[in-house]
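Here is how the chains run, residue by residue.
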Amino acid sequence: MSFCVVDGDGADITFKPIKGHPFEEPVYTGKEYGPDEVKLLAPMLPSKILLIGRNYADHVEEVFKKTASTLPPTLFMKPPTSVIGPGAPIRIPEFAHNVEFEGELAFVISKPCKNVKRDEWKSYVLGLTIINDVTDRDLQFSEGQWTVGKGIDTFCPMGPWIDTDLDSFDLEDLGIKGHLTHEGSTTTYQDSRTSQMIWGFGEILEYISRTMTLLPGDVISTGSPAGTRQMVDGDIITIEVEGLGQLRNKVVNA
(Lines give C-alpha, C1' and ligand atoms only; values in the text may rest on other atoms or scores of the structure.)
Protein backbone atom coordinates (compact mmCIF):
# COMPACT_ATOMS: atom_id res chain seq x y z
CA MET A 1 0.00 0.00 0.00
CA SER A 2 1.19 3.50 -0.74
CA PHE A 3 0.02 7.01 -1.52
CA CYS A 4 0.01 7.84 -5.21
CA VAL A 5 -0.12 10.95 -7.33
CA VAL A 6 -2.95 10.62 -9.85
CA ASP A 7 -2.24 12.11 -13.28
CA GLY A 8 -4.33 12.37 -16.42
CA ASP A 9 -8.01 11.91 -17.03
CA GLY A 10 -10.36 9.18 -18.18
CA ALA A 11 -8.65 6.28 -19.95
CA ASP A 12 -5.27 8.04 -19.72
CA ILE A 13 -5.20 8.18 -15.92
CA THR A 14 -2.02 6.94 -14.21
CA PHE A 15 -1.06 6.28 -10.61
CA LYS A 16 2.48 7.17 -9.52
CA PRO A 17 3.45 5.86 -6.05
CA ILE A 18 5.33 8.20 -3.72
CA LYS A 19 7.54 7.55 -0.74
CA GLY A 20 6.16 8.54 2.63
CA HIS A 21 3.12 10.76 3.10
CA PRO A 22 1.43 13.39 0.90
CA PHE A 23 1.94 16.39 3.19
CA GLU A 24 5.21 17.47 1.60
CA GLU A 25 6.72 17.64 -1.87
CA PRO A 26 6.26 14.12 -3.32
CA VAL A 27 9.23 11.84 -3.86
CA TYR A 28 8.34 9.35 -6.58
CA THR A 29 9.33 5.67 -6.49
CA GLY A 30 9.72 5.58 -10.27
CA LYS A 31 6.87 3.10 -10.75
CA GLU A 32 3.67 3.83 -12.64
CA TYR A 33 0.36 1.97 -12.87
CA GLY A 34 -2.83 2.08 -14.91
CA PRO A 35 -6.34 2.09 -13.42
CA ASP A 36 -6.74 -1.67 -13.89
CA GLU A 37 -3.56 -2.34 -11.90
CA VAL A 38 -4.52 -0.64 -8.64
CA LYS A 39 -7.15 -0.99 -5.93
CA LEU A 40 -8.24 2.32 -4.46
CA LEU A 41 -8.49 2.49 -0.69
CA ALA A 42 -9.77 5.42 1.36
CA PRO A 43 -7.41 8.28 0.41
CA MET A 44 -6.80 9.11 4.08
CA LEU A 45 -7.18 7.48 7.50
CA PRO A 46 -7.71 10.57 9.66
CA SER A 47 -7.33 10.92 13.40
CA LYS A 48 -10.82 12.42 13.33
CA ILE A 49 -13.63 13.06 10.88
CA LEU A 50 -15.56 16.23 11.66
CA LEU A 51 -18.85 16.91 9.95
CA ILE A 52 -21.16 19.88 9.79
CA GLY A 53 -24.81 18.94 10.09
CA ARG A 54 -27.72 21.08 8.97
CA ASN A 55 -25.58 23.16 6.61
CA TYR A 56 -28.07 23.14 3.71
CA ALA A 57 -31.41 24.82 4.40
CA ASP A 58 -33.39 22.38 2.24
CA HIS A 59 -31.92 19.40 4.14
CA VAL A 60 -32.87 20.99 7.48
CA GLU A 61 -36.48 21.24 6.31
CA GLU A 62 -36.39 17.73 4.82
CA VAL A 63 -35.05 15.87 7.86
CA PHE A 64 -35.75 18.12 10.85
CA LYS A 65 -38.98 19.75 9.66
CA LYS A 66 -37.72 23.18 10.75
CA THR A 67 -36.20 26.21 9.05
CA ALA A 68 -32.47 26.88 9.01
CA SER A 69 -33.05 30.18 10.82
CA THR A 70 -34.41 28.31 13.84
CA LEU A 71 -32.03 25.34 13.66
CA PRO A 72 -28.46 26.44 12.81
CA PRO A 73 -25.59 24.18 11.65
CA THR A 74 -24.07 21.83 14.18
CA LEU A 75 -20.82 19.86 14.57
CA PHE A 76 -20.43 16.11 15.10
CA MET A 77 -17.76 13.43 14.61
CA LYS A 78 -17.31 9.99 13.12
CA PRO A 79 -14.59 7.58 14.33
CA PRO A 80 -11.76 6.47 12.01
CA THR A 81 -13.19 2.93 12.14
CA SER A 82 -16.17 4.13 10.10
CA VAL A 83 -13.96 4.92 7.07
CA ILE A 84 -13.98 2.72 3.98
CA GLY A 85 -12.73 3.35 0.46
CA PRO A 86 -14.30 3.30 -3.01
CA GLY A 87 -15.93 -0.01 -3.86
CA ALA A 88 -15.86 -1.31 -0.30
CA PRO A 89 -19.23 -2.49 1.03
CA ILE A 90 -21.35 -0.42 3.39
CA ARG A 91 -22.39 -3.03 5.95
CA ILE A 92 -25.71 -2.49 7.68
CA PRO A 93 -25.86 -4.25 11.07
CA GLU A 94 -29.02 -6.04 12.15
CA PHE A 95 -29.88 -3.33 14.70
CA ALA A 96 -29.97 -0.59 12.02
CA HIS A 97 -33.35 -0.37 10.25
CA ASN A 98 -33.57 3.06 8.62
CA VAL A 99 -30.21 3.77 6.99
CA GLU A 100 -29.83 6.65 4.53
CA PHE A 101 -27.01 7.99 2.37
CA GLU A 102 -25.83 11.61 2.50
CA GLY A 103 -23.48 12.78 -0.23
CA GLU A 104 -21.08 15.49 0.91
CA LEU A 105 -18.03 17.48 -0.16
CA ALA A 106 -15.14 17.32 2.32
CA PHE A 107 -11.68 18.83 2.69
CA VAL A 108 -8.49 17.39 4.17
CA ILE A 109 -6.21 19.26 6.56
CA SER A 110 -2.57 19.62 5.44
CA LYS A 111 -0.77 20.69 8.63
CA PRO A 112 -1.40 21.16 12.35
CA CYS A 113 -3.55 24.20 12.97
CA LYS A 114 -5.53 26.01 15.63
CA ASN A 115 -7.51 29.26 15.58
CA VAL A 116 -7.52 29.55 11.79
CA LYS A 117 -8.97 32.76 10.38
CA ARG A 118 -11.68 32.14 7.80
CA ASP A 119 -9.93 34.03 4.99
CA GLU A 120 -6.78 31.89 5.49
CA TRP A 121 -8.47 28.49 5.27
CA LYS A 122 -6.83 27.40 2.00
CA SER A 123 -3.38 27.63 3.62
CA TYR A 124 -4.29 24.66 5.84
CA VAL A 125 -6.06 22.44 3.32
CA LEU A 126 -4.44 19.66 1.32
CA GLY A 127 -7.39 19.15 -1.01
CA LEU A 128 -10.96 18.00 -1.55
CA THR A 129 -12.58 14.58 -1.37
CA ILE A 130 -16.07 13.04 -1.25
CA ILE A 131 -17.80 11.55 1.79
CA ASN A 132 -20.97 9.53 2.15
CA ASP A 133 -22.26 10.38 5.63
CA VAL A 134 -24.21 7.14 6.08
CA THR A 135 -26.79 7.55 8.85
CA ASP A 136 -29.35 5.44 10.67
CA ARG A 137 -32.14 7.96 11.19
CA ASP A 138 -33.90 5.97 13.91
CA LEU A 139 -30.75 5.72 16.00
CA GLN A 140 -29.80 9.33 15.29
CA PHE A 141 -32.98 10.71 16.79
CA SER A 142 -33.84 8.09 19.41
CA GLU A 143 -30.44 8.40 21.08
CA GLY A 144 -30.65 12.20 21.42
CA GLN A 145 -27.19 12.50 19.87
CA TRP A 146 -25.79 11.48 16.52
CA THR A 147 -22.70 9.38 17.19
CA VAL A 148 -24.41 5.98 17.44
CA GLY A 149 -26.44 6.44 14.26
CA LYS A 150 -23.55 7.84 12.22
CA GLY A 151 -20.42 6.24 13.69
CA ILE A 152 -21.10 2.59 12.83
CA ASP A 153 -18.27 0.68 11.14
CA THR A 154 -18.24 1.31 7.33
CA PHE A 155 -20.61 4.30 7.67
CA CYS A 156 -18.07 6.78 6.25
CA PRO A 157 -17.16 5.90 2.64
CA MET A 158 -14.47 8.31 1.41
CA GLY A 159 -12.72 8.94 -1.91
CA PRO A 160 -12.03 8.28 -4.67
CA TRP A 161 -8.99 10.51 -4.10
CA ILE A 162 -7.92 13.92 -2.78
CA ASP A 163 -7.75 16.65 -5.41
CA THR A 164 -5.10 19.14 -4.30
CA ASP A 165 -5.74 21.77 -6.99
CA LEU A 166 -8.21 23.91 -5.04
CA ASP A 167 -8.02 26.75 -7.53
CA SER A 168 -9.40 24.53 -10.30
CA PHE A 169 -12.78 24.37 -8.54
CA ASP A 170 -15.53 26.95 -8.36
CA LEU A 171 -15.97 26.33 -4.64
CA GLU A 172 -18.79 28.86 -4.40
CA ASP A 173 -20.98 26.90 -6.83
CA LEU A 174 -19.94 23.26 -7.12
CA GLY A 175 -22.42 20.56 -8.08
CA ILE A 176 -23.17 17.66 -5.71
CA LYS A 177 -25.30 14.66 -6.68
CA GLY A 178 -26.34 11.46 -4.95
CA HIS A 179 -27.52 8.49 -7.04
CA LEU A 180 -29.19 5.33 -5.72
CA THR A 181 -29.29 2.18 -7.85
CA HIS A 182 -31.97 -0.26 -6.72
CA GLU A 183 -32.67 -3.49 -8.60
CA GLY A 184 -30.85 -2.15 -11.66
CA SER A 185 -32.67 1.19 -11.80
CA THR A 186 -30.76 4.38 -10.93
CA THR A 187 -32.42 7.48 -9.49
CA THR A 188 -30.73 10.78 -8.69
CA TYR A 189 -32.09 11.96 -5.34
CA GLN A 190 -29.53 14.59 -4.39
CA ASP A 191 -28.87 17.36 -6.90
CA SER A 192 -27.57 20.56 -5.33
CA ARG A 193 -24.69 23.03 -5.31
CA THR A 194 -22.30 24.43 -2.73
CA SER A 195 -23.87 27.84 -3.29
CA GLN A 196 -26.65 26.54 -1.02
CA MET A 197 -24.32 26.04 1.96
CA ILE A 198 -25.10 28.12 5.04
CA TRP A 199 -21.53 28.11 6.38
CA GLY A 200 -18.71 28.35 3.83
CA PHE A 201 -15.35 26.57 3.94
CA GLY A 202 -13.54 29.32 5.82
CA GLU A 203 -16.31 29.77 8.33
CA ILE A 204 -16.38 26.03 9.04
CA LEU A 205 -12.62 25.77 9.57
CA GLU A 206 -12.56 28.86 11.77
CA TYR A 207 -15.41 27.49 13.91
CA ILE A 208 -13.86 24.04 14.39
CA SER A 209 -10.25 25.13 14.89
CA ARG A 210 -11.06 27.54 17.68
CA THR A 211 -12.14 24.52 19.72
CA MET A 212 -9.59 21.85 18.82
CA THR A 213 -6.21 21.38 17.18
CA LEU A 214 -6.50 19.83 13.74
CA LEU A 215 -3.84 17.42 12.48
CA PRO A 216 -2.59 16.54 9.00
CA GLY A 217 -5.08 14.17 7.39
CA ASP A 218 -8.06 15.20 9.48
CA VAL A 219 -11.18 15.37 7.32
CA ILE A 220 -13.91 18.00 7.56
CA SER A 221 -17.17 17.42 5.71
CA THR A 222 -19.27 20.43 4.76
CA GLY A 223 -22.79 19.03 5.04
CA SER A 224 -25.46 17.23 3.09
CA PRO A 225 -27.95 18.75 0.65
CA ALA A 226 -31.56 17.57 0.55
CA GLY A 227 -32.55 14.37 -1.21
CA THR A 228 -31.19 11.73 1.14
CA ARG A 229 -32.95 8.36 0.88
CA GLN A 230 -33.09 5.02 2.62
CA MET A 231 -30.85 2.33 1.20
CA VAL A 232 -31.07 -1.43 1.59
CA ASP A 233 -29.10 -4.60 0.92
CA GLY A 234 -28.08 -4.81 -2.74
CA ASP A 235 -28.33 -1.09 -3.49
CA ILE A 236 -25.43 0.88 -4.96
CA ILE A 237 -24.81 4.45 -3.83
CA THR A 238 -22.87 6.83 -6.08
CA ILE A 239 -21.90 10.26 -4.76
CA GLU A 240 -20.73 12.66 -7.45
CA VAL A 241 -19.03 16.04 -7.04
CA GLU A 242 -18.45 18.22 -10.08
CA GLY A 243 -14.82 18.02 -11.21
CA LEU A 244 -13.88 15.61 -8.41
CA GLY A 245 -15.29 12.31 -9.62
CA GLN A 246 -17.54 9.67 -8.13
CA LEU A 247 -17.54 7.64 -4.93
CA ARG A 248 -19.40 4.35 -5.41
CA ASN A 249 -20.21 1.72 -2.76
CA LYS A 250 -22.54 -1.26 -2.57
CA VAL A 251 -24.83 -1.81 0.40
CA VAL A 252 -24.92 -5.20 2.12
CA ASN A 253 -26.40 -6.61 5.28
CA ALA A 254 -23.68 -7.29 7.83
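- Per an unreviewed UniProt entry, the chain goes by the name Fumarylacetoacetase-like C-terminal domain-containing protein and belongs to Corynebacterium pyruviciproducens ATCC BAA-1742.
- You can read under Sequence similarities (unreviewed entry) in the UniProt record for the chain the words "Belongs to the FAH family."

## Quick notes on the overall build of the chain
Reasoning step 1: From N to C terminus, the chain includes four helices and 17 strands.
Reasoning step 2: Its C-alpha atoms give the chain a radius of gyration of 18 Å, near enough to 18 Å, the size a compact globule of 254 residues would have.
Reasoning step 3: Here the chain, with 254 residues, has 49% of them falling under the buried criterion.
Reasoning step 4: Entry remark: accessible area of the chain is about 11,900 Å², with carbon and sulfur atoms responsible for 48%.
Reasoning step 5: Within the chain, the 37 negative side-chain charges are centred at a point lying 5 Å from the centre of the 23 positive side-chain charges.

## Things to note about the environment of Lys16
Reasoning step 1: With respect to the secondary-structure elements, Lys16 resides in strand S2 (residues 14–19).
Reasoning step 2: Since its relative accessible area comes to 23%, Lys16 is described here as partly exposed.
Reasoning step 3: Separated by 13 residues in the primary sequence, Lys16 and Thr29 have C-alpha atoms spaced 7.6 Å apart.
Reasoning step 4: Not counting residues within four places of it along the chain, the set of residues in contact with Lys16 comprises Phe3, Cys4, Val5, Asp7, Tyr28, Lys31 and Glu32.
Reasoning step 5: Within the local environment of Lys16, its side chain forms a polar contact with the side chain of Asp7, the two groups lying 3.0 Å apart.

## Observations regarding the sheet that holds strand S14 (residues 185–193)
The strands making up a sheet associate through backbone hydrogen bonding, with each pair oriented either parallel or antiparallel.
Reasoning step 1: Taking strand neighbours across the sheet as the criterion, the five strands line up as S7-S17-S16-S13-S14 in an open arrangement whose pairing is mixed. Looking at strand neighbours, the two that pair on one side only are strand S7 (90–92) and S14, the edges of this open sheet. For this sheet the average axis-to-axis angle between neighbouring strands, irrespective of direction, equals 20°.
Reasoning step 2: Pairing of S7 with strand S17 (residues 245–253) involves three bridges; the strand directions are parallel. What sits directly across from Ile90, in S17, is Val251.

## Some remarks on the pattern of salt bridges
Reasoning step 1: With the rule as written, the count across this model stands at 12 salt bridges.
Reasoning step 2: When the shortest N-O distance is used, the salt bridge between Asp7 and Lys16 registers 3.0 Å.
Reasoning step 3: A salt bridge links Lys122 to Asp167; its shortest N-O distance comes to 3.2 Å. Here Lys122, found in the loop between strand S9 (103–109) and strand S10 (125–132), pairs with Asp167, found in the loop between strand S12 (156–163) and strand S13 (175–182); they are 45 residues apart in sequence, far enough to count as distant.
Reasoning step 4: Accessibility expressed as a relative area gives 39% for Lys122, which makes it partly exposed.
Reasoning step 5: Judged by its relative accessible area of 65%, Asp167 is exposed.
Reasoning step 6: Each of Lys78, Glu100, Glu102, Asp133, Arg137 and Lys150 takes part in one network of salt bridges that share partners.

## Here we look at the side chain of Asp136
Reasoning step 1: Looking at the secondary structure, you find Asp136 in strand S11 (residues 135–136).
Reasoning step 2: One buried charge, Asp136, has no salt-bridge partner; the nearest side chain with opposite charge is Arg137, at 8.3 Å.
Reasoning step 3: Within the structure, Asp136 has its side chain in polar contact with the backbone nitrogen of His97 (distance 3.0 Å).
Reasoning step 4: Ignoring sequence-local partners within four residues, the contact set of Asp136 consists of Ala96, His97, Asn98, Val99, Gly149 and Phe155.

## Overview of the sheet that holds strand S3 (residues 27–28)
Reasoning step 1: Reading across the sheet, the three strands line up as S1-S2-S3 and stay open at both edges, with antiparallel pairing between neighbours. This sheet does not close on itself; its edge strands, each paired only once, are strand S1 (4–7) and S3.

Reading guide: rules and limits
Residues numbered from 1 in each chain as written. Predicted model: local features only at pLDDT ≥ 70, side-chain atom pairs only at ≥ 80, totals over all residues. Heavy atoms only, no water. UniProt positions renumbered as here; feature names shortened; annotations may be inferred. Helix = DSSP H or I, 4+ residues; strand = E, 2+ residues; numbered from the N terminus. Rg over C-alpha atoms; globule rule 2.2 N^0.38 Å. Buried < 20%, exposed > 50% of the residue type's maximum accessible area, 1.4 Å probe, protein only. Areas by Shrake-Rupley, 256 points an atom, 1.4 Å probe, with all protein chains shown as cover. Lys, Arg positive; Asp, Glu negative; His and termini not counted. Charge placed at Lys NZ, Arg CZ, Asp CG, Glu CD. Contact = heavy atoms within 4.5 Å. Polar contact = N/O pair within 3.5 Å; in protein donor to acceptor, adjacent residues only side chain to side chain. Pairing = 2+ DSSP bridges. Axes fitted to C-alpha atoms, helices over the stretch in contact; angles between N-to-C directions. Salt bridge = Lys/Arg side-chain N within 4 Å of Asp/Glu carboxyl O.

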